[in-house]
Amino acid sequence: MHIGIIMDGNGRWAADKGWPRSFGHRAGAKKVSEIIKYCPELKVKTLTLYAFSTENWKRAAHEVSSLMRLFRGYLQTKYLEVVKNNIKVKFLGDTNPLPKDILLQMKKLETDTNKNNGFFLNIALNYGGRNEIIRSTKKIAKDLLSDKISVNDINETLFSSYLDTSDQKDPDLIIRTAGEMRLSNFLLWQSVYSELYFSNKMWPEFTTQDFEMAVNSFRQRNRKFGHKEYDFKKFV
Ligand code: FPP
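Keep in mind the model is a prediction, meaning the values are calculated, not measured.

Met-7, Asp-8, Arg-12, Arg-21 and Arg-59 are the nearest of the 17 residues found near the ligand. Asn-10 is positioned such that a nitrogen or oxygen atom in its backbone is 3.2 Å from an oxygen atom of the ligand. Take Arg-12: an N or O atom from its main chain is 2.7 Å from an oxygen atom of the ligand. For the ligand, whose free accessible area comes to 610 Å², the fraction covered by protein is 92%. Residue assignment for the shell around the ligand shows that the elements contributing at least two residues are α1 (10-16), α2 (21-38) and α3 (61-84). The element contributing the most residues to the shell around the ligand is α2, with four residues. Its residues assigned to classes, the shell around the ligand shows seven nonpolar, six polar and four charged.

So, about α2. Taking 1.5 Å of rise per residue, 18 residues should cover 26 Å, and α2 covers 26 Å from first to last C-alpha, within 8% of that figure. Looking only at α2, the buried set comprises Gly-24, His-25, Ala-27, Gly-28, Ala-29, Lys-31, Val-32, Ser-33, Ile-35, Ile-36 and Tyr-38.

What counts, and at which threshold
- Residues numbered from 1 in each chain as written.
- Predicted model: local features only at pLDDT ≥ 70, side-chain atom pairs only at ≥ 80, totals over all residues.
- Heavy atoms only, no water.
- Near = heavy atom within 4 Å.
- Polar contact = N/O pair within 3.5 Å; in protein donor to acceptor, adjacent residues only side chain to side chain.
- Areas by Shrake-Rupley, 256 points an atom, 1.4 Å probe, with all protein chains shown as cover.
- Helix = DSSP H or I, 4+ residues; strand = E, 2+ residues; numbered from the N terminus.
- Nonpolar A, V, L, I, M, F, W, Y, C, P; charged D, E, K, R; others polar.
- Expected span 1.5 Å × (residues − 1).
- Buried < 20%, exposed > 50% of the residue type's maximum accessible area, 1.4 Å probe, protein only.

The quantities given are spatial measurements derived from coordinates; they are silent on function.
Here it is in structure tokens:
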């Protein structure tokens, strides 16, 4: 089963306590580890986390740099744990504008976990669904111009194979915290038949029980994919 999470509400959680927003992001990062560790219990094999959107650069410069510092630290401190625990990490998004040292850490983590297969962790960093679709379209156009593919090869399967999530299944469930009920440019192509679950909890206060509640709610739904009855058990 593949779950996507839009981790919203870090800033509000911190502001409610009279703390700077960066405290909320730090608490959010701790929550990430807690939720990842709970995935095997729920038979969740793939998790895609929306860590930084293409729109997030518009935030105050100090907030953007505190998020970058957080990612840098997180990648450093979690490296061994991720490699040893058979977790395969993949970064989704347009990595070019990211600070070069972070980019190197990301590439190293992807390379060093490439053969892992116990758990699949996608981190969407400078990710936007529209941006991903445009980048994929450009790659297709290049392959078309160099005769690698022809116009008639273009179909949904081929298009999917050019996306950042190329070799992965679409998310079965997308969870968003903090009471907002929209996708905000997250996995636009991949979310066509994803079930959606919204929690009023701010991300730093989202517990493993809340996570389990979301998964249980998903398991009670009848997925039809526009045409048929569906057995969720196939996904676990
Ligand atoms: C949304 O809350 C959250 C973010 C923009 C950042 C998400 C990042 C983390 C949880 C930190 C670490 C992640 C990883 C993968 C290490 P918000 O700031 O928009 O909250 P608000 O809506 O209350 O302002």
